[in-house]
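# Fold and contact review
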Protein chains: 2
Amino acid sequence: MSERTAARKRRQARAERKPDSIVQRPFRQVTYRYRPMALLSLDQIQSIHHTACRILQEIGMKVLCDEARKAYREAGFDVDDSDQIVRFEKAGVEALVGKAPEQFDLHARNCAHTVRIGGPHAIFTGVGGPAYCMDLEGGRRAGTYEEMCNFLRLVQSLNILHQEGGGGFEPLDLPPETRHLDVFYAQITLMDKNWHPWTMGLAQSMDALNMGAIMMQKTLEEIAGATIFTAIINTNSPLQLDIPMAQGLMTMAQYGQAAVVTPFTLAGAMSPVTLAGALAQQHAEAMAGIVLTQIVRPGAPVMYGGFTSNVDMKTGSPAFGTPEYAQAAQASGQLARHIGVPFRSSNVTAANSNDAQAAYESMMSLWSAMTGQAHMINHAAGWLCGGLAGSFEKLIIDAEMLQMMAAYMEPFEVSDAALAFDAVREVGPAGHFFGTAHTMARYETAFNAPLVSNWDNYDTWLERGQVTAEQRANQIWKQLLTEYERPPIDPAIDDELKDYVARAKREGRVVQG
Amino acid sequence: MSERTAARKRRQARAERKPDSIVQRPFRQVTYRYRPMALLSLDQIQSIHHTACRILQEIGMKVLCDEARKAYREAGFDVDDSDQIVRFEKAGVEALVGKAPEQFDLHARNCAHTVRIGGPHAIFTGVGGPAYCMDLEGGRRAGTYEEMCNFLRLVQSLNILHQEGGGGFEPLDLPPETRHLDVFYAQITLMDKNWHPWTMGLAQSMDALNMGAIMMQKTLEEIAGATIFTAIINTNSPLQLDIPMAQGLMTMAQYGQAAVVTPFTLAGAMSPVTLAGALAQQHAEAMAGIVLTQIVRPGAPVMYGGFTSNVDMKTGSPAFGTPEYAQAAQASGQLARHIGVPFRSSNVTAANSNDAQAAYESMMSLWSAMTGQAHMINHAAGWLCGGLAGSFEKLIIDAEMLQMMAAYMEPFEVSDAALAFDAVREVGPAGHFFGTAHTMARYETAFNAPLVSNWDNYDTWLERGQVTAEQRANQIWKQLLTEYERPPIDPAIDDELKDYVARAKREGRVVQG
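The structure reproduced in this document is the subject of the present report. The model shown is predicted, which means the values in this text are computed figures rather than measured ones.

Each value, and the rule that gives it
Residues numbered from 1 in each chain as written. Chains lettered and ligands numbered in written order. Predicted model: local features only at pLDDT ≥ 70, side-chain atom pairs only at ≥ 80, totals over all residues. Heavy atoms only, no water. Helix = DSSP H or I, 4+ residues; strand = E, 2+ residues; numbered from the N terminus. Rg over C-alpha atoms; globule rule 2.2 N^0.38 Å. Buried < 20%, exposed > 50% of the residue type's maximum accessible area, 1.4 Å probe, protein only. Contact = heavy atoms within 4.5 Å. Areas by Shrake-Rupley, 256 points an atom, 1.4 Å probe, with all protein chains shown as cover. Lys, Arg positive; Asp, Glu negative; His and termini not counted. Charge placed at Lys NZ, Arg CZ, Asp CG, Glu CD. Expected span 1.5 Å × (residues − 1). Least-squares fit on C-alpha atoms with pLDDT ≥ 70 in both. Buried area = accessible area lost by both parts, 1.4 Å probe. Salt bridge = Lys/Arg side-chain N within 4 Å of Asp/Glu carboxyl O. Polar contact = N/O pair within 3.5 Å; in protein donor to acceptor, adjacent residues only side chain to side chain. Pairing = 2+ DSSP bridges. Axes fitted to C-alpha atoms, helices over the stretch in contact; angles between N-to-C directions. Left-handed = near helix turned anticlockwise from the far one by under 90°. Nonpolar A, V, L, I, M, F, W, Y, C, P; charged D, E, K, R; others polar.

### A closer look at the overall build of chain A
Scanning chain A for helices and strands turns up 19 helices and 20 strands. Taking 513 residues into account, the globule formula puts the C-alpha radius of gyration at 24 Å, and chain A, at 24 Å, falls close to it. Projected onto its principal axes, the C-alpha coordinates of chain A cover approximately 90 × 55 × 50 Å. Evaluated residue by residue, chain A yields a buried proportion of 64% over its 513 residues. A separation threshold of at least 6 residues defines the contact pool for chain A, and within that pool the share at least 24 residues apart is 76%. Accessible area for chain A stands at about 17600 Å²; split by element, carbon and sulfur atoms hold 50% of it. Side chains of chain A carry 44 positive and 56 negative charges; the gap between the two charge centres is 4 Å.

Laid out in C-alpha cells, this is it:
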C-alpha cells in the first residue's frame, strides 16, 4: 500500500469514525473569590451618582405611559402631564432604590437549574433579542420557529449556560401578534432552565406570567414569592421610558419578577461622548426604572443593567467590546454595587463573522464583566453582528470562552498534595512527569477540557483539513443537536400550556408596542 | 446607469482609492493604575515560596556549566561536581535575590524609545524564538532573512510595540553559525527601538554586547551602567541549567544586562500536573537563575519570567492561553512581587491559524498578564502555532488587541466637563448627541481608533467582500511596509557595525550550544 493510499484510508477511517462525545463542565454557577476591579475611586463613584441624581432632579425623565406617571406621582415625585416629564427628588430616589433586595433566587422548572442572583454569584445567559438567525452555511437570514427551537435545544444542552436569554432570534415565519406564545411554549418545554420572557407591553407580560405559573404549577401570587423571571427593560435613551417597556416593568414588578433595567447609552449618540457623562445618564435612567419597580412592589427583585458602549464616530455605528465598553462595564458594576442592586453586563461584539475580531471583542466584554463581577452576563453566548444575529457557531465558541472563564474562576489549590514536593523529588532534574503516580492520579481532571480549541501541531492540523474554530463550532452544534434529549415534562402541564396558547391565539390578543 | 453598473463602479472606485493612512496610538508605555488581581492569598504565596526553597535546598538544580557551578560554589552554595547538582541554602538565596533591583531603565538607540522596567510600568514586546515564518498566502514555512527584516520593519512601525523580541523568526537561508550577526545588524539598523539579543552561549552573547556597544557608541563598561538588553534565559525544566543558557546568563549579568530567567514548566510534562507544584518548581528554577546573576554582578538588573502552562493530557501537546495558563500567569506575578523582581509574562496561543481560537487564547493570556500587572508582555505580537511560527497577520491582530488593552488602561476621567451635565440638559429626553458642542469638541479623540476591527453593518460588510480580521490584517501589514521609513543612523556607526559583522564572520567564531 503506497503512502498516499494509506493516508487516504486514514482520512476515510477518521471521517467514518463516530465523533467523540462532547465533554462539558457540569452545570454550576460561577463564584467570585477575589476583589472586583476598582476602576473608579469612591470619589469618582460619588461624583457620577451625584450627577445622575441631578439629572433626575433637574432634567427628569420623559415617561410616555400614563400608569407609570400616575405611579410616580402617587409616590410623591414631581410629574408634569403636559410634557410627560417626571422629576425626582434625590432622597426619594435613594429611599426607594434602598428597598430593592441585594440578592434573590431565580427558580427554574428543574430545581437543579435554580440560580442565585447577587452576592458572589454569577450566571451566564444565552443571547436574546436578535432579529436574524445565522449559521456558517446560510449566513444571516430570517430565522424560523424550527431553527429557533434548535437554538433553544442547544442552550439547554450547554451546561455552561445557566439561563436562556429570550429565544435566540425572532421566529419570523410566525405572525408577530402571537409569536411570543409559541416562543414561551418552546422555552418551557424544550428546556428546563430558567428563561427570559418577552415583556413588550401588558398582554405579552401577562402571557409570560400565566404560562410561567402553569409551568411551575403555582398561582401568580405564589410565583411572586418565588421569582421565575428576569426581564430586560430598556429605557429609550436619552431619558425616556416608553409605553410597552413601562408596562412590562410594572407588570413584572407587580408579580414579584425582576426587571433588568438597562439603558442603552451609546456614548456619542444617545448619551454624552465622555464615558463619565454616559454613565451618569445610564445611572439616572437605571435608577428611575428601579424606583418604579419599588413603587409598584416594595422589595421586588430588580437588576441594574449596564450597556454603555461607544459609537464609531466616523459612521455613527455602534461599537461593542471596545476598551471604552470594558471601562464602562466595570464602572457600571461599581455604580450598581454603590446602590446595592445586582448588576447585569453582556458579552458583545460588532463583528459580522466568527473571526478573530468576534473573539477578541467578546473577550474584552467577558473579562471586563467577570473582573467587574457582574451577576448576570447577558448575551453570554450567540451574539453576532452587533446583536442583530443569533449565531449557532458563536453560541458554541462563546460556550468555550465561558467554560474557560469559569475554570479560571475556580479556586487555586495550595495544599501539600498540590505543591507536589515529593513528585518533584521523584522526577528530579531533567526528568519528566508524564508517568509519575502524582500525574496519573490527576491527569484526567487536572485541566479544563476544551470544547472548540484544537491543540494539534501544525502538520497534524494541516493533514486533518485546516479546520478553523468556526468550522469546529459548526460540527459541534450539529452533534449536540443529535445528542439532545428533551427534558421530561408532565403531560398534563404540557396540555395546559397548549390550551393556554390556543386560547390566547383564538382570543386574538393584540400585543402592544 | 443601471443599479448594477453603479454598484460595480463604486466597487472599482473603492479598489483604486488609496487606502487611508493607518491610525495608531502614539508610542507610550502602559501604566498600571489599579491593584493587581490577588489570586493567591499571602499564605498561599508563602507556601509556594517555601516549597520552592525546599526544592532548591533538598533536591537542587543540575548545572551543566562548569563556570556556573564554580560561581555557585564560591558564593557558598553546596556543589557536587560528580552529579553536577547545586543545593541552595535558603538564607543565601534570599540574600542574593534581594540584591536585584526592583526597577531599571532599558535604553534604546533612539532615547525616545527608552523604557522603564518595573514598578507600575509595562512594555509590550514582539515575538521571539519561532522557527518558522507564516503569512496568509504562504502558510507556515522556512523564513528568509529578507522576510525577517520585513517583520522587524513592522515591529518598528507599530507604536504599540515598545520592544522587539528576538527577530520574529529564524532566517533559515543564512548559515546557523553566523546568522545571529545578521539578525543583530538588522535589529540595530532597521529599528531604533530596544531589542532582544540571542544569548545562546558565550560567543553569541559577546557579539550582542559588542554590537550593542557600537550601536550606543559606548564601551562595554558604559553599557553595563545603562542597560540596553533584556535576554531570555530558559532553564531546562525540570531543575536543570544547560551550558549555553548559563553562559548567556552569566555574560549578560557580567555586563549589567538583564537576564529574563524563564523556566518552561509545562504542568504535567516538565513539572507537576498541579499548578501549585508547577509554580513551586518554576519559582525554584527562577530563583536559582536570579541568584546566579547576583553572584556574577550584585545589583545587576534581572527579570522573573513566568511561562507555566499545561499540556493536553490526551496528546502531550503544550496548550497556551488556557484557564490554567491564566491562573499561573497571575500567580507568577504575585511570586515575582514577593521577591521584588520585575515580572515577565506572555501573549500565547496554540492555534494554527488566525481564527477565533487564536484571538480568545491570546486574550486569556493578555488579560491575565495585564490584570496580574506583568512588567514585560513578551511575545505580545506575532506568536502563532504554539510559538513555532512568527505570523505577519497575528502581528497585526495582536497589535490591535494591545492597543485595546492600552486604551483600557488609560485613566478614567471624572470632571465636570466629562460628567457633561450641561450636554445632557441641552439634548434632553429623546434627543441625540451627535451634533452637540460637547460631542463636536471631543469626537475625534474620544475613543480608541481600531486598527483591524470592522464595524460596518452586515450588508455593507457583505457588499465590501466579507473581509475577515485575518484578511484585513494581511492588507494592513502590507500597507505598513510600503509606509515604513528606516530610522536614521550615523553612517559611521553603520560602517562600524558592518565591519564588526564581516570580521566576526571571517574569524569564523563557532556559536556554542
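Now that the structure has been shown, we can carry on.
### Observations concerning helix α7 (residues 202-216) of chain B
Residue and element names in this part refer to chain B. Look at α7: 21 Å from first C-alpha to last across 15 residues, which is about the 21 Å you get at 1.5 Å a residue. Within α7, 12 of the 15 residues are buried, leaving the element largely enclosed by the surrounding structure. Residues of α7 that are buried include every one of A203, Q204, S205, D207, A208, L209, M211, G212, A213, I214, M215 and M216, and no others. Tucked inside the fold, the buried residues of α7 contact α6 (179-189), α8 (220-224), α9 (243-254) and α19 (491-507). Just downstream of α7, Q217 is the residue with a positive phi angle, here 55°.

### Topic: the relation of the copies chain B and chain A
Note on the identical chains: chain B maps onto chain A by a rotation of 180° and an axial translation of 0.0 Å, with an RMSD of 0.0 Å. Seen this way, the second copy is the image of the first under a two-fold rotation axis. Nearest to the rotation axis, the C-alpha of A356(B) is located 2.2 Å from it, this being the minimum over chain B. Residue by residue, 100% of the interface of chain B is reproduced at the interface of chain A, so both copies engage with the same surface.

### Quick word on helix α11 (residues 323-339) of chain A
Residues and elements named next belong to chain A. Its 17 residues place the ends of α11 25 Å apart at the C-alpha level, agreeing with the 24 Å of an ideal helix rising 1.5 Å per residue. Counting buried residues in α11 gives 15 out of 17 residues, a clear majority hidden from the surface. Taken from the residues just after α11, G340 is the one with a positive phi, measuring 75°.

### Things to note about unusual backbone geometry
Residue P238(A) follows S237(A) across a cis peptide bond; omega there is 0°. Topologically, P238(A) is positioned in the loop between β10 (230-235) and β11 (240-241). Phi at Q373(B) takes a positive value of approximately 60°, unusual for a residue other than glycine. By the secondary structure assignment, Q373(B) is in the loop between α12 (356-371) and β18 (376-381). Residue Q373(B) is classed as buried on the basis of its relative accessible area, which comes to 13%. The phi dihedral of Q466(B) falls on the positive side, at around 50°, and the residue is not glycine.

### Some words on the interface of chain B and chain A
Across the boundary between the two partners, chain B contributes 113 residues, which contact 113 residues of chain A. Where chain B abuts chain A, roughly 9600 Å² becomes buried across the two surfaces, and 70% of that area is made up of carbon and sulfur atoms. Residues R425(A) and E58(B) are paired through a salt bridge, measuring 3.6 Å at the closest nitrogen-oxygen approach. Here chain B is connected to chain A by 32 residue pairs in polar contact (both at pLDDT 80 or more). Looking at which element gives the most residues to the side of chain B that touches chain A, the answer is α12(B), with 10 residues.

### Concerning the sheet that holds strand β13 (residues 266-267) of chain A
All names here are of chain A. Here three strands make up an open sheet; going across it, the order is β13-β15-β16 and the pairing mixed. On the outer flanks of this sheet lie β13 and β16 (318-319), each paired with one strand and no other. Bridge count between β13 and strand β15 (residues 309-311): two bridges; the pairing is parallel. The residue of β15 that forms the bridge with A267 is N310.

### Some thoughts on the packing of helix α4 (residues 90-97) of chain B against helix α10 (residues 275-296) of chain B
All names here are of chain B. α10 packs onto α4 with a crossing angle of 65° between their chain directions and a minimal axis gap of 8 Å. Considering the relative orientation of α4 and α10, their crossing is left-handed. In this structure, α4 uses V93, L96 and V97 to contact α10, whose residues at the interface are M287, I290, V291, Q294 and I295. In the contact of α4 with α10, the residues fall into seven nonpolar, one polar and no charged.

Everything listed is a geometric property; what it means functionally is a separate question.
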